[in-house]
Amino acid sequence: MTLLSTLIYNKGVAQNDALLTHYFEVPAFYNPAATGLSDLVKIHGGSRLQWIGIDNAPKTFLALADSPFKLGKRRFGAGVAINQESMGLFRNLSASVQLSYKIKLLGGTISLGIQPGIISDAFKGSEVFIPDDDDFHDDTDAAIPRTDVSGTAFDLGAGIWYTRKSLSIGLSMTHINAPKVSFSSGNGQSSTDNSTENFEFGPARSLYFTAECNIAIKNTLFEVIPSAMVMSDFTFTRAIATARVRYKKFISAGVGYRHDDAVSALLGVEFKGFFLGYSYDYPTGALASASNGSHEIFAGYSVKLDLSAKNRFKQKSIRIM
């Protein structure tokens, strides 16, 4: 299915951010205000392999890190995010830095975040192959690059996050500036044809709403963690709902549902700051006949950072070092 790439690469076509089943583990991927929410330094990485069984299906690789810090009495969060996606002949790489500012309000904390970064897109037009019996694509179509092209653009995101006790709510927008990555490609079909075609790619502005609540079951070591995320690029809207049960803050299991897409099963283990999670999505629509589903695996590590003033200048005695 080499042509899968051409379906997502046409002038003016926009691509959405990857919708991860583990969205609740990496909220800063969608909302920079979710950095530095606790006193933990967090590092997460993971991969999503989508639509197993379909050639050239999307693959996503993600790495994030964030930490709280203080300037005077003001509390901030900072982070970095790197994301690489591929689909057929198309490649996308994004890298960004994140900064958030915390304000105590209404018995909780409001976090305001901003995320400047870059996106880099590439298309291997030299590997495009269109069969002679293809009724949907013309082998001489100038809208399909026939050379390898790439480009880079500035990207911007922002968000707001509110936490109070066990409740978290976030609202954010990615690609606020509607970045456009421009390419130029010589599509000549002969040595005497030096025509140049211009191509443009732009990820769509996307709005995200996320919510999560941690509900302890009285007199047990269990807790229920429902969460949800709704995404809209103002053309399409997607929603994910998840319910997990965690035991002794050690092992968790849950189920999820992607609207008009798939049902999910999730497993997770946490131990001494380490996290390992796996999910399987089974498609509920027409893809069920062509795909064996989608897989995700995420790993992370968290370590506590003491921001209290009393330990700011604390030193160990050389006699006990």
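Residues numbered from 1 in each chain as written. Predicted model: local features only at pLDDT ≥ 70, side-chain atom pairs only at ≥ 80, totals over all residues. Heavy atoms only, no water.

Within the chain one finds one helix and 17 strands. Buried positions account for 40% of the 321 residues belonging to the chain. For the chain, the share of sequence-separated contacts (at least 6 apart) that also reach a separation of at least 24 residues comes to 56%. Total accessible area computed for the chain in this model is approximately 17500 Å², and 61% of it derives from carbon and sulfur atoms. (Helix = DSSP H or I, 4+ residues; strand = E, 2+ residues; numbered from the N terminus. Buried < 20%, exposed > 50% of the residue type's maximum accessible area, 1.4 Å probe, protein only. Contact = heavy atoms within 4.5 Å. Areas by Shrake-Rupley, 256 points an atom, 1.4 Å probe, with all protein chains shown as cover.)

At His175, a position not held by glycine, the phi torsion is positive, near 55 degrees. Note that His175 resides in the loop between strand 7 (167-174) and strand 8 (181-186). Classification of His175 as buried rests on a relative accessible area of 7%. The backbone phi angle of Asn219 is positive, close to 65 degrees, even though this residue is not glycine.

What follows deals with the pattern of salt bridges. Inspection of every chain in the model, using the stated rule, returns nine salt bridges. Of the charged contacts, one joins Arg244 and Glu212 as a salt bridge, the two residues approaching to 3.4 Å between their closest N and O atoms. Of this pair, Arg244 sits in strand 13 (residues 237-247) while Glu212 sits in strand 10 (residues 206-213); the two residues are 32 residues apart in sequence, bridging distant segments of the chain. A residue is classified by how much of its surface remains accessible, and Glu212, at 27% relative accessible area, is partly exposed. Note that Arg246 and Glu223 form a salt bridge whose closest N and O atoms lie 2.7 Å from each other. Placement of the pair is Arg246 in strand 13 and Glu223 in strand 12 (residues 222-232), with a sequence separation of 23 residues. Salt bridges sharing partners connect three or more residues here, namely Arg48, Arg258, Asp261, Asp281 and Glu296. (Salt bridge = Lys/Arg side-chain N within 4 Å of Asp/Glu carboxyl O.)

A one-sided burial pattern is seen for strand 14 (residues 251-258), the buried positions being Ser252, Gly254, Gly256 and Arg258 and the unburied ones Ile251, Ala253, Val255 and Tyr257. Here strand 13 pairs with strand 14 via eight bridges, running antiparallel. Paired with Val245 across the strands is Ala253, a residue of strand 14. In textbook terms, the turn of a hairpin is the stretch between consecutive antiparallel strands, and for strand 13 and strand 14 this stretch comprises three residues, one of which, Lys248, has a positive phi near 55 degrees. Where strand 14 lies against strand 15 (residues 262-271), eight bridges are found, and the strand directions are antiparallel. Of the residues in strand 15, the one forming a bridge with Ala253 is Leu267. The hairpin formed by strand 14 and strand 15 contains three residues between the paired strands, and Asp260 there has a positive phi angle of roughly 60 degrees. (Pairing = 2+ DSSP bridges.)

Further remarks concern the pairing of strand 5 (residues 108-124). Pairing of strand 4 (residues 90-105) with strand 5, which is carried by 14 bridges, proceeds in the antiparallel orientation. From the neighbouring strand, Leu93 faces strand 5, where its bridge partner is Ser120. Here strand 4 hands over to strand 5 after two residues, with Leu106 in that stretch at a positive phi of 55 degrees.

Taken together, the side chains of Ile103, Leu105, Leu106, Leu112, Ile160, Leu167, Ile169, Leu171, Leu207, Phe209, Val230 and Phe234 define a hydrophobic patch exposed on the protein surface, amounting to about 980 Å² of accessible area. Of all elements in the fold, only strand 4, strand 7 and strand 10 reach the threshold of two or more residues within the nonpolar patch. Considering each element in turn, the nonpolar patch owes the most residues, three residues, to strand 7. One can find Leu167 in strand 7. (Patch = residues over 30% accessible without salt bridge, like charges linked within 9 Å, V, L, I, M, F, W, Y side chains within 5 Å.)

So, on to the side chain of Asp66. Tracing the backbone through its elements, the reader meets Asp66 in strand 2 (residues 59-71). Of the side chains with opposite charge, Lys42 comes closest to the buried, unpaired Asp66, at an N-O distance of 5.9 Å. Here Gly36 takes part through its backbone nitrogen, which lies 2.9 Å from a polar atom of the side chain of Asp66. (Lys, Arg positive; Asp, Glu negative; His and termini not counted. Polar contact = N/O pair within 3.5 Å; in protein donor to acceptor, adjacent residues only side chain to side chain.)

The next subject is the nonpolar core. Soluble globular proteins: nonpolar side chains tend toward being buried together. Ranked by size, the top nonpolar core spans 22 residues in total, and within it Leu20, Val26, Phe29, Tyr30, Leu62, Leu64 and Met229 carry the most contacts. Taken together, the elements giving at least two residues each to this core come down to strand 2 and strand 12. Setting aside its immediate chain neighbours within four residues, Tyr30 contacts Ala18, Leu19, Leu20, Tyr23, Ser172, Thr174, Tyr208 and Met229. Counting residues in each nonpolar core, the second largest holds eleven residues, with Leu89, Val149, Val181 and Phe201 among its members. (Core = buried A, V, L, I, M, F, W, Y, C linked by side-chain atoms within 4.5 Å.)

Geometry only, nothing functional implied.
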